[in-house]
Amino acid sequence: MQNHGNLFRIFLTTILVLALSACATERTAPPSGLHLYVFNCGTIDVLDLSVFQPGIGKGDHKKLTDSCYLVVHPKGTLMWDAGLPDALAQTPEGKTMMDTFVIKMPKTLASQLKEIGYAPESIKNLGISHMHFDHVGNADLFPHATLLMQKEEYDAAFGPEPAKYGFDPATYSTMHSNPVKTLEGDYDVFGDGAVVIKRMLGHTPGHQALYVKLPKTGNILLSGDLVHYTDNWVNKRVPSFNFDKEQSIKTMEETEQFLKANHAVLWIQHDLEQNAGIKHAPAYYD
Ligand SMILES: [Zn+2]
């Protein structure tokens, strides 16, 4: 009986070790090919919708989501936008900003990355659509990532008058220490045309979007804040706080042509309803 007991224990231990190593392999080995993960990086309750659509919906409420993304390419990784700060998760009732937004973080980005086996410190590139507080909240999770930003955005955010552009340096204080690559146009991140930062000015001085060509899913443009929700996209409305209204309209029109020419779909990062139909991590698109 003693021998049988020992054998049984060895058997169980072997099974356990095999199961654990399989699990570890699954979590740490990067997927082959191009993958796009979508994260919920917070929610924003808007208390006066007319901020986004001047003259319409004064006092109306609308809930927005705040998306961020991880692109995994055979040549490296790119985090696209950094959402609201993880520290906000400790305040479930949320925080009110500028009397107009109630911001919440239902689940930290750090925990969402951990779930898919990525340590934030290992991420190679951090593309920020623009420097508003709801896109830089977790930039401090990625201290080694190279910032990929348009030169105008960098100069506005790190120059003498960031508040003039609606930027609060306290929300991105650690980004001073990141390596930076400033851009003056579109930028092909991994050199094969699959992941391209698109210069799309207007919302802020150096606003940009991310174009991803996925072999199975198709071509996707991650909007940044080119537009905040579908109704504004359809009607080409410009929020009152945009940096340059004329440029914003021009960029939206050009983007519409770009999407048609490339059979691409627009994923609007703040659109709660559209995001409800998009798979979020740990699922991914390839
Ligand atoms: Zn935003």
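Analysis parameters
Residues numbered from 1 in each chain as written. Predicted model: local features only at pLDDT ≥ 70, side-chain atom pairs only at ≥ 80, totals over all residues. Heavy atoms only, no water. Donors = N, O, S within 2.8 Å, 3.2 Å for Na, K, Ca; no water. Tetrahedral: all angles 85-135°; square planar, octahedral: opposite > 155°, others 65-115°. Helix = DSSP H or I, 4+ residues; strand = E, 2+ residues; numbered from the N terminus. Buried < 20%, exposed > 50% of the residue type's maximum accessible area, 1.4 Å probe, protein only. Pairing = 2+ DSSP bridges. Contact = heavy atoms within 4.5 Å. Axes fitted to C-alpha atoms, helices over the stretch in contact; angles between N-to-C directions. 1 Å grid on protein atoms, 1.4 Å probe; cavity = no way out; pocket = protein on both sides within 12 Å on 5 of 7 lines; lining within 4 Å. Points joined across faces, edges and corners; volume = space filled by probe spheres on them. Nonpolar A, V, L, I, M, F, W, Y, C, P; charged D, E, K, R; others polar.

### Focus: the coordination of the zinc ion
Ligation of the zinc ion by protein atoms is provided by D134 (OD), H135 (NE2), D225 (OD) and H270 (NE2), these donors lying 2.1 Å from the ion. For the zinc ion, the 4 donor atoms in the first shell make angles of 88 to 162° at the metal, a pattern classed as irregular. Going along the chain, you hit the donors of the zinc ion in the pattern D-H-x89-D-x44-H. Here D225 lies in the loop between β12 (218-222) and α5 (230-235) and D134 lies in helix α3 (residues 133-136), a separation of 91 residues in the sequence. Judged by relative accessible area, D225 falls into the buried class, the value being 3%.

### Details of the sheet that holds strand β13 (residues 264-267)
Taken in spatial order, the 5 strands of this open sheet run β9-β10-β11-β12-β13, and their pairing is mixed. Among the strands making up the open sheet, the edge pair consists of β9 (187-188) and β13. Sheet analysis places β12 next to β13, joined by 4 bridges and oriented parallel. The residue of β13 that forms the bridge with N219 is A264. Taken strand by strand, helix α6 (residues 245-261) contacts β10 (195-199), β11 (208-214), β12 and β13, and its axis lies near 135° from that of β13.

### Focus: the layout of surface pockets
One number sums up the size of the largest pocket: a volume of about 370 Å³. For the largest pocket, the lining is made up of 24 residues, of which M98, F101, H132, F133 and F241 are closest to its centre. Within the lining of the largest pocket, the residues separate by chemical class into 12 nonpolar, 8 polar and 4 charged.

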